Amino acid sequence: DTAVSQTPKYLVTQMGNDKSIKCEQNLGHDTMYWYKQDSKKFLKIMFSYNNKELIINETVPNRFSPKSPDKAHLNLHINSLELGDSAVYFCASSQEFSGSTDTQYFGPGTRLTVL
Amino acid sequence: TQLLEQSPQFLSIQEGENLTVYCNSSSVFSSLQWYRQEPGEGPVLLVTVVTGGEVKKLKRLTFQFGDARKDSSLHITAAQPGDTGLYLCAGALAGYSTLTFGKGTMLLVSP
């Protein structure tokens, strides 16, 4: 059973398009995250949701809009895609909202390529 | 400026060799985690260290948190091809709940 799943695995699209990435966790966790990993493997947090509410938005452009319909899902919608949005996007979850010691479980990632 | 500096960036060794990966910062962290990421997968947590000077062992992997909680090291004894992957350190600054990741060390262990 997959703990944190993401769809799609790969996404190739043209500049200016709007796309969504879906994430689901079956761990019963309260907190979910979106991370962006660039071509140099640098992993940076974008958003954090706790109990469906936005907790952290790390100065991400407002073209990115996360939506959490329930605690088990955190989807990422991106408007007007730009070349610089090309990256691997990871969803993660943890039991509590505490980055200090809690284990974060990562999904397999979605490789987004903007042409 | 990168908050967590990892070194080396790349490491290519033969099976059976020992290696150490470093994670350094000028900031104090309340805790530090090490992850391993394999190609096409998400990072997987290996260990969390929270006390200055703490040493944790996970089979052939030894993790150390610096006394001042500003740095950490990962030592692998008798590396195996299965250890190949991207090793990431991630720290939580005191008073913050988010993790800051280093840029990672790419390890390749050849048979």
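Look a little higher up for the structure.
Here is a short report on the structure shown in this document.

Conventions and cut-offs
- Residues numbered from 1 in each chain as written.
- Chains lettered and ligands numbered in written order.
- Predicted model: local features only at pLDDT ≥ 70, side-chain atom pairs only at ≥ 80, totals over all residues.
- Heavy atoms only, no water.
- Disulfide = S-S within 2.5 Å.
- Helix = DSSP H or I, 4+ residues; strand = E, 2+ residues; numbered from the N terminus.
- Pairing = 2+ DSSP bridges.
- Axes fitted to C-alpha atoms, helices over the stretch in contact; angles between N-to-C directions.
- Contact = heavy atoms within 4.5 Å.
- Buried area = accessible area lost by both parts, 1.4 Å probe.
- Salt bridge = Lys/Arg side-chain N within 4 Å of Asp/Glu carboxyl O.
- Nonpolar A, V, L, I, M, F, W, Y, C, P; charged D, E, K, R; others polar.
- Buried < 20%, exposed > 50% of the residue type's maximum accessible area, 1.4 Å probe, protein only.
- Phe/Tyr/Trp six-rings, centres within 6.5 Å; stacked < 30°, edge-to-face > 60°.

### Some details on the state of the cysteines
Residue and element names in this part refer to chain A.
Right, on to step 1. As enumerated under the stated definition, the model contains two disulfides over all chains in all.
Right, on to step 2. Here C23 pairs with C91 through a disulfide, and the sulfurs are 1.8 Å apart. Residues C23 and C91 share a disulfide whose torsion about the S-S bond is about -75 degrees; that sign makes it left-handed. On the criterion of sequence distance, the pair formed by C23 in strand β3 (residues 19-25) and C91 in strand β9 (residues 87-94) is long-range, its members being 68 residues apart.

### Quick notes on the sheet that holds strand β8 (residues 73-78) of chain A
Residues and elements named next belong to chain A.
Right, on to step 1. Spatial ordering of the open sheet is given by β1-β3-β8-β7, a layout of four strands whose pairing is antiparallel. Each end of this open sheet is capped by a strand with a single partner; those strands are β1 (4-7) and β7 (64-70). Strand-to-strand twist of the sheet, defined as the mean angle between neighbouring strand axes without regard to direction, takes the value 20 degrees.
Right, on to step 2. By the bridge criterion, four bridges tie β3 to β8 in an arrangement that is antiparallel. Among the inter-strand pairings, S20 is bridged to a residue of β8, identified as H77.

### Structural notes on the interface of chain A and chain B
Right, on to step 1. Across the contact, 22 residues belong to chain A and 22 residues belong to chain B.
Right, on to step 2. Approximately 1600 Å² of surface area, both sides summed, lies buried where chain A meets chain B, with 60% of it carried by carbon and sulfur atoms.
Right, on to step 3. There are zero salt bridges connecting chain A and chain B.
Right, on to step 4. Of all elements in the fold, only β4 (31-37) and β5 (43-50) of chain A reach the threshold of two or more residues within the side of chain A that touches chain B.
Right, on to step 5. Of the residues that constitute the side of chain A that touches chain B, the class distribution is nine nonpolar, eight polar and five charged.

### Overview of the environment of B:L107
All names here are of chain B.
Right, on to step 1. Along the polypeptide, L107 turns up in strand β11 (residues 105-110).
Right, on to step 2. For L107, a relative accessible area of 1% corresponds to the buried category.
Right, on to step 3. Linking L107 and L4, residues 103 residues apart in sequence, is a C-alpha distance of 18 Å.
Right, on to step 4. L107 has contacts with L11, I13, L19, I76, D83, T84, G85 and Y87, leaving out every residue within four places of it along the chain.

### Describing the packing of aromatic side chains
Right, on to step 1. Scanning all chains against the criterion turns up eight aromatic pairs over all chains.
Right, on to step 2. Arranged with centres 6.2 Å apart and planes meeting at 40 degrees, the rings of A:Y33 and A:Y35 form a pair that is tilted. Here A:Y33 and A:Y35 have matching classes, each one buried.
Right, on to step 3. Taking the centre distance of 6.4 Å and the plane angle of 80 degrees together, the rings of A:F90 and A:F106 count as edge-to-face. Of the two residues, A:F90 sits in strand β9 while A:F106 sits in strand β10 (residues 105-106), which places them 16 residues apart along the sequence.
Right, on to step 4. A residue is classified by how much of its surface remains accessible, and A:F90, at 1% relative accessible area, is buried.
Right, on to step 5. These aromatic residues form a ring-pair network of at least three members: A:Y33, A:Y35, A:F90, A:F106, B:Y35 and B:F101.

Limitation: the analysis is restricted to geometry and does not speak to function.
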